[in-house]
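A structural walkthrough
Listed below are the residues making up each chain.
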Amino acid sequence: VDIQREFDRQLDLRRQSGQPLTREKAINAGLVTEVLDTMKARAAVNEEAENLGLTSTNEMIADFLQSLEGLRNPATGQFDQVVLQNLLQRNNVTITEFREDVRTDLNRGQLFDSIASPMQAPAGFVEPSLLRLAESRTAEYVTLTAENTPFSTEPTEEELRTYYQSNTERYTDPEYRVFDLVLLSKENFQGELTVPEEDIRKLFELRKARLDVPETRTIVQIPYPSEGEALSAVARLETGVDVAELAQERSFTLDSVTYTDVAQSDIADAAVASAVFEAEQGDIIGPVTDLFGNHIVARVLSITEGQESTFEEQRDVLVSELLDEETTRSLLDAIEVIETARDEGAVLTDALAEVEDATVQTFGPVDSNLITADGAIPNDLPVEALAEAFLLREGEESEILPLDNDLGYFAVSLQQIIPPALQPFETVREDVARGWRAAQQADLIADRQESISTRLRGGESLSAIADSEALEVATLTVGLQEAAAIFPPDFLDEIFKANLNTSVAGNSADAQSAYVLNVIDASFPPLAQAEFLSQIYQVNVGQVLTQELSEAYIGALQDDIGIKQNDTRIAQVFSSGQE
């Protein structure tokens, strides 16, 4: 119940923020998981706070509420119950629930203040990052490729066989598996389903209150501490005094006591809501005594008529939801039939005898990368089913598991494991020859790269070496971000770590080219908004450290307490389609 209620509350908040979410979309987007994670973390922290004897008094709650900017009267700067009341009614929270949530949050705050107080990263930690961000380097370099370092020698038979024996992993077929895949897809199970018109209309009537756009009103609502003052205000309004003047006398701005386009359900106090929505436009209302003991005087400024949703407009959406619910039920019924048969000793494929809409397909031989023995990739094999097949032993069957795309369920029965096998030399001779040539080419480039690096370290200039080697010298000046588009990360890191007039050797990202580079200059131009960036870095890094510490602490608490969740019950609740 608590999970359902919190889910509904979070869904309402997202809808109020402008997200056009249906219940189904919210579930598919992971809102259930988000709510569960939050509630488990909250439960762990609450239990730890209780174990440590932490408490929050009524005075602490009052001080906290008075400290919140969002609950202050804009004119007086003081805590205002009317502001709180409106906030709670917008979020569908009672005052009792709110007080308990605040008490719990304060207890958690006491706990977290002791282990993960907000921090800023030390300046000494941030400054090197900013310097590196601004740094630019000038370097001269040569590039070695197969074109400027040719290799044309042909291998002997002995060299090929030696290379083959030294690289058998390259010419060994991977482990293959052959398995049956049982698929219980929503598409198959939905194909024969129909939804009775009566059910569609029943669901429409249940949802109608949510689907209809209610009548809204814009009102001015001014609270008075005593009934006498409220009656006086009503009298003055009736003589033509402007509501803005009355609001100003109570230290309110007109905006702060004007509520625009509120529905009757938005007004938490039933007496006030009833009075407001029984009045006509321009009527003076009150005084009405609210839940907090205030005497409310109000005036209706405008009325916007509601819009009633029609069955025809909603029919397709309702049919889709009902079909999805019925499909889910059919799938779960089918799974129960299969599992009952398996419990009685039937193998997976035989257990499908009474499940007409399940499909069985044999796959394999296929390796763990989804490639068959003849090099094809089966398009209709779910990746999660392949992964499950490689967890089983020969002859084993998996449980019935959900597909990652939420479009059904699957199970796997492993028929055969074909162990890795070395391909005969004669079969792969051409591949071996290509591999030998590529290895010799790479070795030749590496030797030449090392020779140039040695000569640079010996004091020769790169230009002189390039002339003797028939190579071209290139020069570039780049910052760290610009250089990232030219050199791979590891090599780039070495370039920006190197001392001036120091050679650095590295390879391209595709390993087809090699570089020998000489760093000849480094500069640190002023970084725009350096002081501002430094402050942001300190705060951001500090926030990351604080967050990581908090998450680690909550995770440890959950492990110690042993919080569990009933996945079956949760699945039942959130597959019911109830709004």
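Since this is a predicted model, take the numbers as computed values, not measurements.

Now for the overall build of the protein chain. Broken down by element type, the protein chain carries 21 helices and 14 strands. Within the protein chain, the fraction of its 579 residues that count as buried is 37%. Expressed as a percentage of contacts within the protein chain between residues at least 6 apart in sequence, the contacts between residues at least 24 apart total 71%. Of the roughly 33000 Å² of accessible surface on the protein chain, 49% is carried by carbon and sulfur atoms.

With that out of the way, let us pick up the sheet that holds strand β5 (residues 258-263). Here we have four strands laid out as an open sheet, ordered β5-β4-β7-β6, and antiparallel in their pairing. The strands lining the two open edges of the sheet, one partner per strand, are β5 and β6 (284-289). The average angle at which neighbouring strand axes cross in this sheet is 35°, direction not considered. By the bridge criterion, nine bridges tie strand β4 (residues 216-224) to strand β7 (residues 295-304) in an arrangement that is antiparallel. Considered in β7, the bridge of V220 is made with R299. Across the face of the sheet, helix α11 (residues 227-238) comes into contact with β4, β6 and β7 while running at roughly 180° to β6.

Okay, the side chain of Q449 next. With respect to the helices and strands, the residue Q449 is situated in helix α16 (residues 429-457). Classification of Q449 as buried rests on a relative accessible area of 12%. The contacts of Q449, once residues within four sequence positions are left out, are L144, A505, G506, N507, A514, Y515 and V516.

For the structure on display, the rule yields 19 salt bridges. One salt bridge in this structure joins E135 and R137, with 2.5 Å as the shortest N-O distance. The class for E135 is buried, based on a relative accessible area of 4%. Between E396 and R393 there is a salt bridge; the shortest N-O distance is 3.1 Å. Residue classification places R393 among the exposed residues on the basis of a relative accessible area of 60%.

Attention shifts here to the sheet that holds strand β14 (residues 514-523). Judged by pairing direction, the sheet is antiparallel, and its four strands sit side by side in the order β12-β1-β14-β13 without closing on themselves. Only two strands of the sheet have a single partner each, and these edge strands are β12 (474-479) and β13 (502-507). Ignoring which end each strand starts from, the neighbouring axes of this sheet average 35° apart. For strand β1 (residues 136-144) and β12, the ladder comprises six bridges, and the chain directions are antiparallel. Residue pairing for β12: T138 is matched across the bridge by T477. Strand contacts of helix α19 (residues 489-497): β1, β12, β13 and β14, with the helix running at about 175° to β13, the strand carrying the most contacts.

Here E384 is to be found in helix α15 (residues 383-389). Overall, the relative accessible area of 18% leaves E384 in the buried class. In this view, E384 contacts L403, D404, N405 and F410; residues no more than four positions away in its chain are not counted.

Going through the model one piece at a time under the given rule, you end up with nine aromatic pairs. Aromatic pair F151 and W436: ring centres 5.9 Å apart, planes at 55°, arrangement tilted. One end of the pair, F151, is in the loop between β1 and α8 (157-166); the other, W436, is in helix α16, and 285 residues separate them in sequence. Looking at F151, the relative accessible area reads 25%, which means it is partly exposed. Taking relative accessible area as the criterion, W436 reaches 6% and is therefore assigned buried.

This part takes up the pairing of β14. As judged from the nine bridges shared by β1 and β14, these two strands associate in the antiparallel manner. If you follow A139 over to β14, its bridge partner there is V519. With six bridges connecting them, β13 and β14 associate as antiparallel partners. Considered in β14, the bridge of N507 is made with A514. The loop that links β13 with its antiparallel partner β14 comprises six residues; one of these, A511, has a positive phi angle of about 60°.

It is worth spelling out α8 at this point. Buried residues of α8: L160, Y163 and Y164, and no others. Buried residues along α8 cover an arc of 100° about the axis, so they all sit on one side. Exposed and facing more than 90 degrees away from the buried side of α8 are E158, Q165 and S166. Of the surrounding elements, those touching the buried residues of α8 are β11 (421-422) and α16.

Attention shifts here to the pairing of strand β3 (residues 176-185). Of all ten residues in β3, nine are buried; the element is thus mostly enclosed. Judged from the six bridges that link them, β3 and strand β8 (residues 359-366) form a sheet pairing that is antiparallel. Bridge pairing links L181 to Q361 in β8.

Turning next to the environment of Y409. Of note, Y409 is situated in strand β10 (residues 408-418). Sequence spacing of Y409 and A385 is 24 residues, and the spatial spacing of their C-alpha atoms is 9.8 Å. Ignoring anything within four residues of it in the chain, the contact list for Y409 reads V182, L183, L184, L331, L332, I335, I400, L401, P402 and L403.

Its location among the elements puts A421 in strand β11. A relative accessible area of 37% places A421 in the partly exposed class. Between the C-alpha atoms of A421 and T172, which are 249 residues apart in sequence, the distance is 5.3 Å. Once you skip the residues sitting within four places of it in the chain, A421 turns out to touch Y171, T172 and D173.

About the criteria used
- Residues numbered from 1 in each chain as written.
- Predicted model: local features only at pLDDT ≥ 70, side-chain atom pairs only at ≥ 80, totals over all residues.
- Heavy atoms only, no water.
- Helix = DSSP H or I, 4+ residues; strand = E, 2+ residues; numbered from the N terminus.
- Buried < 20%, exposed > 50% of the residue type's maximum accessible area, 1.4 Å probe, protein only.
- Contact = heavy atoms within 4.5 Å.
- Areas by Shrake-Rupley, 256 points an atom, 1.4 Å probe, with all protein chains shown as cover.
- Pairing = 2+ DSSP bridges.
- Axes fitted to C-alpha atoms, helices over the stretch in contact; angles between N-to-C directions.
- Salt bridge = Lys/Arg side-chain N within 4 Å of Asp/Glu carboxyl O.
- Phe/Tyr/Trp six-rings, centres within 6.5 Å; stacked < 30°, edge-to-face > 60°.
- Arc of directions from axis to C-beta.

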